[in-house]
Amino acid sequence: MLLADDGRQLAASWFEPPAGPARAVALVSPATGAPRGFYRAFALWLAERGYAVLTYDYRGIGGSRRGALRDERATMRDWAVLDMSAALAAAEARRATQGLPLLLVGHSFGGNAIPFARGVERADALLAVGSQLGVAALYPGVHRWLARLFFRGIVPATVPLFGYLPGWTMGGSAPLPAGVARQWAHWGRTPGWAYADPAMREHRAAAGLVAPVHLWDVSDDLTFAPARAVDALAAQFRNAVVQRHHLRPADVGMKRLGHFGAFRRDPGPRLWERLLAPVEDAVPALRG
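Residues numbered from 1 in each chain as written. Predicted model: local features only at pLDDT ≥ 70, side-chain atom pairs only at ≥ 80, totals over all residues. Heavy atoms only, no water.

Trainee: Help me understand the overall build of the chain, please; the structure alone is not making it clear to me.
Mentor: A tally of regular secondary structure across the chain gives 7 helices and 11 strands. Residues classed as buried in the chain amount to 59% of the 288 residues present. Within the chain, counting contacts between residues at least 6 apart in sequence, those at least 24 apart form 73% of the total. Accessible surface, the chain: about 11,500 Å² in total, of which carbon and sulfur atoms supply 54%. The distance from the centre of the 33 positive side-chain charges to the centre of the 23 negative ones in the chain is 5 Å. (Helix = DSSP H or I, 4+ residues; strand = E, 2+ residues; numbered from the N terminus. Buried < 20%, exposed > 50% of the residue type's maximum accessible area, 1.4 Å probe, protein only. Contact = heavy atoms within 4.5 Å. Areas by Shrake-Rupley, 256 points an atom, 1.4 Å probe, with all protein chains shown as cover. Lys, Arg positive; Asp, Glu negative; His and termini not counted. Charge placed at Lys NZ, Arg CZ, Asp CG, Glu CD.)

Structure below.
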């Protein structure tokens, strides 16, 4: 269990190496609407490689949901500033006691919002998959119009009706608290996304991160994280050594991956080895 600065408790899980002490710590921050259980197979795989891995749920999601979702007052700002900071503090505490390197792994929102978390500049590396500036104008062709429809039509229409954003509006993910959905829609209509929100200015730390940053886009993930939107996120890390990587489903023997395929059991290790190798090459301490 994690404790955020406002007193909110968050569900979390540690995965320990099955043999011997940990040689590194990894914090896995999830995508919007993805519970921590979705990353269990990936976390176990990292643990087998010697990482102590922390996964967690944002408030209103998975094990961090309290009561009726329509009564949840969470916002995306809360997720980034409070929840991510609480998780990062726990990972920092673990790494400090043993003098271990810290790897941040972000999926979608988990990668594009982690620079708002307190202490992110002390990480040894950031690996993000499908993380982007989720602004409709950065999406290609029909996907741009679908994003605009989602932010300007679907969210404003469904949230008042249900009191939250149903999962079916996002293709089957967990439903989102109303405040999260509304802020997501607002940032999606804002050039620069959350990085242009005055309320987030004091929390921006992307420019303070000097550790290696590895950002991946997936060729068939055009609805959520097309390459241009991932490039826009990369530009926020002005003082880091940023490496951009591109992944095609065929590279790992798959026909489709989309936005969520990179963390599924299949292709699993075939893909995860590809993601982790450049980061460990850049930060040899992560290899032990």
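Trainee: I'm lost on the side chain of R59 in this one. Help?
Mentor: Topologically, R59 is positioned in the loop between β5 (51-56) and α2 (76-98). In this structure the side chain of R59 is engaged in a polar contact, spanning 2.7 Å, whose partner is the side chain of D83. Excluding residues that lie within four positions of it along the chain, R59 makes contacts with A4, D6, R8, L10, S64, E72, A74, D78, W79, L82, D83 and P177. (Polar contact = N/O pair within 3.5 Å; in protein donor to acceptor, adjacent residues only side chain to side chain.)

Trainee: How should the nonpolar core be read in this particular structure?
Mentor: Formed by 72 residues in total, the largest nonpolar core has its most connected members in W79, M84, L104, F109, L165, W193 and F237. Ranked by the residues each element gives to this core, the list is headed by α2, at 10 residues. Not counting residues up to four positions away in its chain, the partners in contact with F109 are P30, A31, T32, Y58, M76, W79, A80, M84, I114, W187 and W193. (Core = buried A, V, L, I, M, F, W, Y, C linked by side-chain atoms within 4.5 Å.)

Trainee: Please explain helix α1 (residues 40-48) as it appears in this structure.
Mentor: Spacing of three or four residues puts side chains on the same side of an α-helix, whose turn is 3.6 residues. Among the residues of α1, A41, F42, A43, W45, L46 and A47 are the ones counted as buried. On its buried face, α1 is in contact with β3 (12-15), β4 (24-29), β5, β6 (102-107) and α7 (269-282). Backbone geometry just downstream of α1 places G50 in the positive-phi region, at approximately 105°.

Trainee: Just to check I follow, could you spell out the environment of A24 for this structure?
Mentor: Along the chain, A24 turns up in strand β4. Under the relative-accessibility criterion, A24 is labelled buried at 0%. Between the alpha carbons of A24 and A207 there is a distance of 24 Å; along the sequence they are 183 residues apart. Apart from residues lying up to four places away in sequence, A24 is in contact with G50, Y51, A52, L100, P101 and L286.

Trainee: Which parts of the structure should I look at to understand the pairing of strand β11 (residues 242-247)?
Mentor: Both faces of the sheet carry side chains from a regular strand, because those side chains alternate between them. Where strand β10 (residues 213-218) meets β11, 6 bridges bridge the pair, whose relative direction is parallel. What sits directly across from V213, in β11, is V242. The handedness of the β10 to β11 crossover, carried by helix α6 (residues 227-234), is right-handed. (Pairing = 2+ DSSP bridges. Right-handed = clockwise from strand over helix to strand, strands pointing away.)

Trainee: Before we go on, may I ask you to explain the packing of α2 against helix α5 (residues 178-188) in this structure?
Mentor: A pair of packed helices is characterised by two quantities: the angle between their axes and the separation of those axes. One way to put it is that α2 packs onto α5 with a least axis distance of 7 Å and a crossing angle of 100°. By the criterion of interaxial angle, the relationship of α2 to α5 is roughly perpendicular. Packed against α2, whose contacting residues are M76, R77 and W79, the element α5 presents G179, V180, Q183, W184 and W187 at the interface. Its residues placed into classes, the contact of α2 with α5 shows 5 nonpolar, 2 polar and 1 charged. (Axes fitted to C-alpha atoms, helices over the stretch in contact; angles between N-to-C directions. Parallel < 35°, antiparallel > 145°, perpendicular 65-115°, else oblique. Nonpolar A, V, L, I, M, F, W, Y, C, P; charged D, E, K, R; others polar.)

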